[in-house]
Amino acid sequence: MDRDATEDQRALLDVSVRFMEETCPPAVVRDAERRNPEFTATYRSQAAELGWFSMLVPEALGGASLSGNGVLDAALIAYLRGGRLQPGAFVGTNVVADAIARAGSARLQAEVLPALVAGEASAAWALSATTAGSPAAGVDARADGAGGLVLSGAKTAVLDIEPGGWLLVTASSPDGPVQAVVAADAPGVGVVALESLDLSRRFAEVRLDAVAVAADAVLGDAASTAALVDHQLAVAATLVAAECVGAMAAEFAMTLQYAKDRIAFGRPIGSFQAIKHVLADTSLAVEMSKAITLAAARTLGSEDGHGPSAASMAKALVGDSAIDLAQNCFQVFGGIGYTWEHDQHLYLRRLTTDAGLFGDAAWHREHLCQLSGI
Amino acid sequence: MDRDATEDQRALLDVSVRFMEETCPPAVVRDAERRNPEFTATYRSQAAELGWFSMLVPEALGGASLSGNGVLDAALIAYLRGGRLQPGAFVGTNVVADAIARAGSARLQAEVLPALVAGEASAAWALSATTAGSPAAGVDARADGAGGLVLSGAKTAVLDIEPGGWLLVTASSPDGPVQAVVAADAPGVGVVALESLDLSRRFAEVRLDAVAVAADAVLGDAASTAALVDHQLAVAATLVAAECVGAMAAEFAMTLQYAKDRIAFGRPIGSFQAIKHVLADTSLAVEMSKAITLAAARTLGSEDGHGPSAASMAKALVGDSAIDLAQNCFQVFGGIGYTWEHDQHLYLRRLTTDAGLFGDAAWHREHLCQLSGI
Amino acid sequence: MNDTMIDVEDFRREAKAWIAANLKPRERVRAGRVVGEVTTHEQIDAARTLQRTLFEGGYAGISYPAQYGGRGLTQAHEQAFREEAAGYVTPDFGVVGVVTMGAIGRSIAEHASAEFCRVHIPAILRGDEMWCQFYSEPEAGSDLAGIRTRATRDGDRWVISGSKIWSSGAYLADWAMCLARTDWDVPKHRGLTWFAIPCDAKGVTIRQIRQINGGAEFCEEFLDEVEVTDDDVIGEINRGWAVTQTMLVYERGAGETATPTEPRALAPDLVALARRVGRLEDPAARQAIARAHINDYAQFHLGRRIADRLEHSRNPDHAVAAYSKLAAGVYTPLRARLGMEIGGPAALAWAVGDEAEGRPALDYLNGRRISIAAGTNEVQRNGIGERVLGLPREPSFDTNKAFNEVLRNARSWDGKVG
Amino acid sequence: MNDTMIDVEDFRREAKAWIAANLKPRERVRAGRVVGEVTTHEQIDAARTLQRTLFEGGYAGISYPAQYGGRGLTQAHEQAFREEAAGYVTPDFGVVGVVTMGAIGRSIAEHASAEFCRVHIPAILRGDEMWCQFYSEPEAGSDLAGIRTRATRDGDRWVISGSKIWSSGAYLADWAMCLARTDWDVPKHRGLTWFAIPCDAKGVTIRQIRQINGGAEFCEEFLDEVEVTDDDVIGEINRGWAVTQTMLVYERGAGETATPTEPRALAPDLVALARRVGRLEDPAARQAIARAHINDYAQFHLGRRIADRLEHSRNPDHAVAAYSKLAAGVYTPLRARLGMEIGGPAALAWAVGDEAEGRPALDYLNGRRISIAAGTNEVQRNGIGERVLGLPREPSFDTNKAFNEVLRNARSWDGKVG
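Note that the structure is a prediction, hence the values are computed from the model and not measured. (Residues numbered from 1 in each chain as written. Chains lettered and ligands numbered in written order. Predicted model: local features only at pLDDT ≥ 70, side-chain atom pairs only at ≥ 80, totals over all residues. Heavy atoms only, no water.)

Some details on the overall build of chain C
Here is step 1 of the chain: The secondary structure content of chain C amounts to 14 helices and nine strands.
Here is step 2 of the chain: For a compact globule of 418 residues, the expected C-alpha radius of gyration is about 22 Å, and chain C comes in at 23 Å, within 12% of that figure.
Here is step 3 of the chain: Dimensions along the principal axes, computed over C-alpha positions, put chain C at roughly 70 × 65 × 50 Å.
Here is step 4 of the chain: As displayed, chain C has an accessible area near 18,700 Å², and 50% of this comes from carbon and sulfur atoms.
Here is step 5 of the chain: In chain C, the 51 positive side-chain charges and the 58 negative ones have mean positions that sit 5 Å from each other. (Helix = DSSP H or I, 4+ residues; strand = E, 2+ residues; numbered from the N terminus. Rg over C-alpha atoms; globule rule 2.2 N^0.38 Å. Areas by Shrake-Rupley, 256 points an atom, 1.4 Å probe, with all protein chains shown as cover. Lys, Arg positive; Asp, Glu negative; His and termini not counted. Charge placed at Lys NZ, Arg CZ, Asp CG, Glu CD.)

Considerations on the packing of helix H4 (residues 95-111) of chain C against helix H5 (residues 114-126) of chain C
All names here are of chain C.
Here is step 1 of the chain: Remark: H4 packs on H5, axes separated minimally by 10 Å, with the N-to-C direction vectors making an angle of 165°. Taken together, H4 and H5 sit at an angle that is classed as roughly antiparallel. Once H4 is placed against H5, the crossing between them reads as left-handed. Every residue of H5 that contacts H4 at Thr100, Met101, Gly105, Ile108 and Ala109 is listed here: Phe116, Cys117, Ile121 and Ile124. (Axes fitted to C-alpha atoms, helices over the stretch in contact; angles between N-to-C directions. Parallel < 35°, antiparallel > 145°, perpendicular 65-115°, else oblique. Left-handed = near helix turned anticlockwise from the far one by under 90°. Contact = heavy atoms within 4.5 Å.)

Quick look at the domain arrangement of chain A
Residues and elements named next belong to chain A.
Here is step 1 of the chain: Each assigned domain of chain A is listed with its residue range as follows: domain 1 (7-117), domain 2 (123-219) and domain 3 (225-371).
Here is step 2 of the chain: Placing a centre on the C-alpha atoms of domain 1 and another on those of domain 2 gives a separation of 21 Å.
Here is step 3 of the chain: In this assembly, 23 residues from domain 1 lie in contact with 17 residues from domain 2.
Here is step 4 of the chain: Counting each side, the surface lost to burial between domain 1 and domain 2 is near 1,800 Å², with a carbon and sulfur contribution of 60%.
Here is step 5 of the chain: Considering only the surface of domain 1 that becomes buried against domain 2, Arg35, Val96 and Arg107 emerge as the three largest contributors, covering 27% of it.
Here is step 6 of the chain: Here domain 1 and domain 2 share nine residue pairs in polar contact (both at pLDDT 80 or more) between them. (Domains from an automatic or database assignment. Buried area = accessible area lost by both parts, 1.4 Å probe. Polar contact = N/O pair within 3.5 Å; in protein donor to acceptor, adjacent residues only side chain to side chain.)

Thoughts on the interface of chain C and chain A
Here is step 1 of the chain: The interface of chain C with chain A comprises 49 residues on the first partner and 41 residues on the second.
Here is step 2 of the chain: Summing the contributions of chain C and of chain A, the shared interface buries around 3,900 Å²; its carbon and sulfur component is 62%.
Here is step 3 of the chain: Per-residue buried area on chain C facing chain A is highest for C:Ile212, C:Leu348 and C:Tyr364; these three make up 18% of the total on that side.
Here is step 4 of the chain: Counting the contacts that link chain C with chain A gives two salt bridges.
Here is step 5 of the chain: With a closest N to O distance of 3.5 Å, A:Arg267 and C:Glu394 form a salt bridge.
Here is step 6 of the chain: Remark: the boundary between chain C and chain A carries 19 residue pairs in polar contact (both at pLDDT 80 or more).
Here is step 7 of the chain: Contributing elements (two or more residues each) for the side of chain C that touches chain A: helix H9 (321-343), helix H10 (345-348), strand E9 (349-351), helix H11 (355-366), helix H12 (369-372), helix H13 (377-388) and helix H14 (403-411) of chain C.
Here is step 8 of the chain: Strand direction decides the pairing type here: strand E6 (residues 189-196) of chain A and E9(C), joined by three bridges, are antiparallel. Looking at E9(C), one finds that A:Leu194 is bridged to C:Ala351. (Salt bridge = Lys/Arg side-chain N within 4 Å of Asp/Glu carboxyl O. Pairing = 2+ DSSP bridges.)

A closer look at the packing of helix H8 (residues 273-301) of chain A against helix H13 (residues 377-388) of chain D
Working note: a packed helix pair is described by the angle between its axes plus the distance between those axes.
Here is step 1 of the chain: Across the interface, H8(A) lies against H13(D) with an axial gap of 8 Å and an inter-helix angle of 85°. Comparing their axes, H13(D) and H8(A) come out roughly perpendicular. Residues A:Gln273, A:Lys276, A:His277, A:Ala280, A:Asp281 and A:Ser283 of H8(A) form the contact with H13(D), whose own contacting residues are D:Glu378, D:Arg381, D:Asn382, D:Ile384, D:Gly385 and D:Glu386.

Some details on helix H7 (residues 268-276) of chain D
Residue pairs three or four apart in sequence face the same way in an α-helix, which turns once every 3.6 residues.
All names here are of chain D.
Here is step 1 of the chain: Of the residues making up H7, those classed as buried are Leu270, Val271, Leu273 and Ala274. Buried positions in H7, seen along its axis, are confined to an arc of 160° and lie on one side of it. Within H7, the exposed residues directed more than 90 degrees away from the buried face are Pro268 and Arg275.
Here is step 2 of the chain: Where the residues of H7 are buried, they touch helix H8 (283-312), helix H9 (321-343) and helix H11 (355-366). (Buried < 20%, exposed > 50% of the residue type's maximum accessible area, 1.4 Å probe, protein only. Arc of directions from axis to C-beta.)

What to know about the interface of chain B and chain D
You'll often see interface size given as the accessible area lost when the parts meet.
Here is step 1 of the chain: Residue-level contacts link 41 residues of chain B with 49 residues of chain D.
Here is step 2 of the chain: Summed over both partners, the interface of chain B with chain D comes to about 3,900 Å²; 61% of that surface belongs to carbon and sulfur atoms.
Here is step 3 of the chain: Our enumeration of links across chain B and chain D arrives at two salt bridges.
Here is step 4 of the chain: Viewed at the interface, chain D and chain B are joined by 19 residue pairs in polar contact (both at pLDDT 80 or more).
Here is step 5 of the chain: For the side of chain B that touches chain D, the secondary-structure elements that each account for two or more residues are strand E6 (189-196), strand E9 (263-264), strand E10 (267-268), helix H9 (307-333) and helix H10 (344-356) of chain B.
Here is step 6 of the chain: For the side of chain B that touches chain D, the class distribution of residues is 19 nonpolar, 15 polar and seven charged. (Nonpolar A, V, L, I, M, F, W, Y, C, P; charged D, E, K, R; others polar.)

Remarks on the pairing of strand E4 (residues 175-181) of chain C
Residues and elements named next belong to chain C.
Here is step 1 of the chain: The buried fraction of E4 is high, at seven of seven residues.
Here is step 2 of the chain: On E4, burial covers both faces: Trp175, Met177, Leu179 and Arg181 on one face and Ala176, Cys178 and Ala180 on the other are all buried.
Here is step 3 of the chain: Bridging between strand E1 (residues 131-134) and E4 involves four bridges; their strand directions are parallel. Across the sheet, residue Cys132 finds its bridge partner in E4, namely Ala176.
Here is step 4 of the chain: With seven bridges connecting them, E4 and strand E5 (residues 192-198) associate as antiparallel partners.

Some thoughts on the domain arrangement of chain C
Here is step 1 of the chain: Once the domains are mapped, chain C shows domain 1 (8-92), domain 2 (133-242) and domain 3 (256-388).
Here is step 2 of the chain: Its C-alpha centre places domain 1 of chain C at a distance of 28 Å from the equivalent point of domain 3 of chain C.

With respect to the pattern of salt bridges
Here is step 1 of the chain: Taken as a whole, this structure holds 105 salt bridges over all chains when the rule is applied.
Here is step 2 of the chain: Among the salt bridges present, the one from C:Arg13 reaches C:Asp10, with a minimum N-O distance of 2.4 Å. With C:Arg13 and C:Asp10 both in helix H1 (residues 8-22) and three residues apart, the pair spans about one turn of that helix.
Here is step 3 of the chain: You can call C:Arg13 exposed: its relative accessible area is 53%.
Here is step 4 of the chain: Note on C:Asp10: relative accessible area 36%, which makes it partly exposed.
Here is step 5 of the chain: Between D:Asp143 and D:Lys188 there is a salt bridge, with its nearest N and O atoms 2.5 Å apart. Placement of the pair is D:Asp143 in the loop between strand E1 (131-134) and strand E2 (150-154) and D:Lys188 in the loop between strand E4 (175-181) and strand E5 (192-198), with a sequence separation of 45 residues. D:Lys188 carries the same exposure label as D:Asp143, and that label is buried.

As for helix H1 (residues 8-22) of chain D
Residues and elements named next belong to chain D.
Here is step 1 of the chain: With 15 residues, H1 extends 20 Å between its outermost C-alpha atoms, agreeing within 8% with the 21 Å of an ideal straight helix rising 1.5 Å per residue.
Here is step 2 of the chain: Those residues of H1 that sit buried are Phe11, Arg12, Ala15, Trp18 and Ile19. Along the axis of H1, the buried positions cluster into a sector of 135°, meaning they face one direction only. Seen from the buried face of H1, the exposed residues on the opposite side, beyond 90 degrees, are Arg13, Lys16, Ala20 and Ala21.
Here is step 3 of the chain: Where H1 is buried, its residues touch helix H2 (41-57) and helix H3 (75-84).
Here is step 4 of the chain: With a side-chain oxygen lying 2.9 Å from the backbone nitrogen of Glu9, the N-terminal cap of H1 falls on Asp7. (Expected span 1.5 Å × (residues − 1).)

Shown next, in the form of structure tokens:
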């Protein structure tokens, strides 16, 4: 995706591609067995060795970015992951690692963060997944009087909670949003697996029944939390957008090849303007999606103040484009795309889901307006 | 447009077409001189002789519908008018005549209504033209203690106020919307002509400076006005939609012919799928627009309770389709459509304006939700 | 209509009495089939029993010719029976029944020999024979006349080999009506012939196709030197395209078992969805709901307008039916997409097994079926452009050449002409 | 780049000093031309005076060859000068100047004879000669090679007849560069030749075209037996298409006189519009504003990505430039439409003469210019499909036949091939 990638970045990307193709090729992506805890842990720890979870963490805390721009590094990996419909808590773990590095207590930084970076555990961000409204909705927090919190409520459609993982819960309190890191198997925490459109990811509902959280598991303070949540959203949006663009590019390439090979009415179907022009428009959408996602990653990772706006713009444009692309590619494939055996539907499911994760296009457009002060 | 038109309707439509082609053919439509009071009055009085302003008025009050469904009669005329970009206060006069017939005082019914039906004067509906909000906004009414009102405020972009005509002003009062009929040249009424995108219509801003209105110029009462305003909106929306569909069909026919005649790359351009498929989609939009507009006219004119919903549906679908059509036809014409001499831009201007008159598509979608009780 | 034909209202009264005496009232109105649900052999057996009752009562094949076991009446009589039977349990063969009685039986009655009809049509009307189509192929979808299954004459037999796909309900069928190419040296429409093949014939393999929605209503077939005789030919040899056109007309009408009613309530499914996810006040959700409903409403009135046009013109131009098909092909996926937008994350993930919550996603997966099956949107646009609007034709590279040559040329396509 | 070339930063310092000494500071930054505004002869005269100052100072034609009066430097030097001169009054010839110096002068320098260049290029750089293109025709727009203007040899003269259209600023030009067909019996790209024609030559009629926005920047021309000689031929006879391709490349770049900056502020014009009509809190208006801005932002980064790709590849594939053109062609009309939606009735009617209030309507009328001019969206899609994506070609009916035959066949098009 990025023609300006550094040598170091290119080396990591190459080895990451080899890892994915060996460990989780298409046949494994399709195999529900992949969801077993053993595969999940092995995949995660091998990915961690490549540095997939260290990019947003400063060196002082055990992390390492390749290019000085950790968001860009992670976005390039995300792009490759998306094209291959990879599983695993890549986005969640990176977002939570980043958040702990920025605002976590010494204990979180000493105990949880190294485990995330090393792939010993993963993390999921339990935010409100509603299309309208605040990311904190669904869970209420009350102060326990000792700097800690008691959390109650539920978050639906939380992405990629893995066995033995951590949850970053964003909750509402009378003083505004608060955040805390909780073990997914802590007392009072219920994780109920959901069915989902996307077969290559897992979703769960998280129920919190008066879960007590110690002070050293709370992130940030009243003054800083809203900005931190915005930052997390920007990082999550950028990484999901990058995964999504990867999937778009892969699905588009598959469709393009089909349009060249498939014969109807005495011609390859790609010679008909009805197909050719849809593919031209779709390829424009892919190029614009790549361009805006790289711009968001560069800006956000450089701590330029424009980062959150750029991230929302990327997420909005990519989300709409992804669904258009999935629909157009399905139409080009015709009947064959309606069969379970064809990969088309895996991408349709993935792209549509990407568009809705961490805020859909309409949510990010409204967020952009708010960030812009109107 | 209507294959089920009665004999009487067909006769009226035929004579109306002859009238328009003789009195206001394309060259006259293009001629700004057409706006002079003499032409306006002549055109109106000839149209009145055909019965253009009597259809929504019961026989007892001097009106006459041909088919028993005056809205349908008027919509069929509107369709023909739209295709020929006809000027004149057709929609406004019919809406106001209908309103006076339904809720006007004996004086209005005895003095104003016959003048409208006979084409001696026209009427315009001064409603708020904002995209969001109530039709009553912009003008405030206070009671004068004797059943009359004092009106103050302004209405922007009022359609087709002709010299010596009447205004139906919809205003807000503490008790909800109120309506009154005022002469456009009454003391305190200022009518300021505006520039407009549509060159074949005229718009004005109406300013009301403490205009005193007698009790017998007020329409309806507090209990009935809101429903009457909804009804007026439904009639106006249906008639504008019908004019718009007429313009769509005419513009489409012109474009279709061009696609058959114009040669490029060794072929008529209509043989290219890029053009052919756009025209197929556009023709589907024309057919759907005709179907929904006729359905709205039938339902609304039969006093079926579903009329206002159907009218809003027609206006919303036709509005969006009209702009799509105008844009697509422009693209098919290419450079020639960019010249002043070509009629393309007259339709582009007209269709885009139709889409915004009496509520744009988004306004009518929201209105439909409210009418449906959500 | 012949003079001795029973009047529709008399027929209705007669049918009403018979129905009350012979059919069971329906327990409750069934909320329509769940898409993805698959008809079982047990359901088919139950339907056969019920169908035999109808047949014996004289209510199977009401508009089929009387000499083949039908009643020889009209579509209006069929409709009257349907209306009277609406509250009763009637045979439900699922999609294979629609194909058999709606399209295949009628095509046979029009094109097959009298002897063939005498054997098969009564069996169809009695429910003894369910049929499917061996029609589309992996390499021939929208380009139906481009099929490559080969039927070769060998003495007095025909030997058929090839693969077929998208055969609705073939796994439940007793017989297949199969299109094969019998002459490769003439243009593609002119070398096709239809054959009847027993589904259990030697060389026939039928496999259900797993669909993206999890269902498996469609099948694919492999034909490996399947042998049939001249008695199994339906219509004339090499004139199969005429049969195809008849079948396509019936197919279009076959699904429409009743006139739909005007949709008046604001998209009830989407309103319920918005309410469930707490977005009924959200302006964007409201716009989406209204948009979906307005499109439904416009499609209904478009359909009525086109039906009127077809019914009331002397020379009905069936090409205008493409408008309804294209509208469905455009607005069905759009509606499904609006559902996903309204549902938001709740439409992306839902409680395991909750059909209502999973419904928007299922509709979304099914959304493009109508854009693709029975002629893609692109094919409809070509049809409207050329046959309704009279636009100049797309250059064709396969209508005047021997089909063998078409295949050769297509493989080396370079866009050069002449 | 030659070794003795002045370093860009040294040049910048030198230019800065010269500019300060010779040009007047700009009163205030001009808010861009109002579209529809028409350049006058008086403005051209003023620009000529200023251009002569630049020429005499050595700052006209900075990247033009030195032997023809230019400076023989690079685009980077041009850019440095532009940056330094940004706050000063520079010659403004309007669109005719962009065409003359951006596209025509450079095409002449590459293709015309040395003698022709010695006569005309210095005159161009001095501002003495403004040029326009006689190029598109009423019957040849996107199909540029399909022009029908005829140049016939008559002894040592050429006689040119035909009509031309869409010539930007021709009413202000001194000379025209005119494409004519010199051989009708070869395929369309192979019988074209470029000629220089004085705009006041006998037989030339130039008329401004009134545009839908009320402006008249474009002209149409009628050429009635206009006589020129071999000295007026630019490039080789019948090889005009090569010149055309050069010109198209320069034309694409010609408008880009400065690198645009990243659009960071949320669509300021639309925010102002929404504020003016009281819809800044309206969710639909906010969505429209954000949509427009996001598209602007994405287009900017797309442009930068493509520019990088063209600059940094060894064999730059200029076909990818079609992405920028198509994006502009798609998103410009969409943005104009969003403006009308936000503005609502206030964008449909406004106080007489109020330019700000009338702006959304003006933008709307101009919205499709970029979708049509210099290759329609459809032409760009074909280019992307075939040249970037490698999709199989559209069958062509005009590239290998004599142009005469193409015209004949097109008139009797029936879609039949071979």
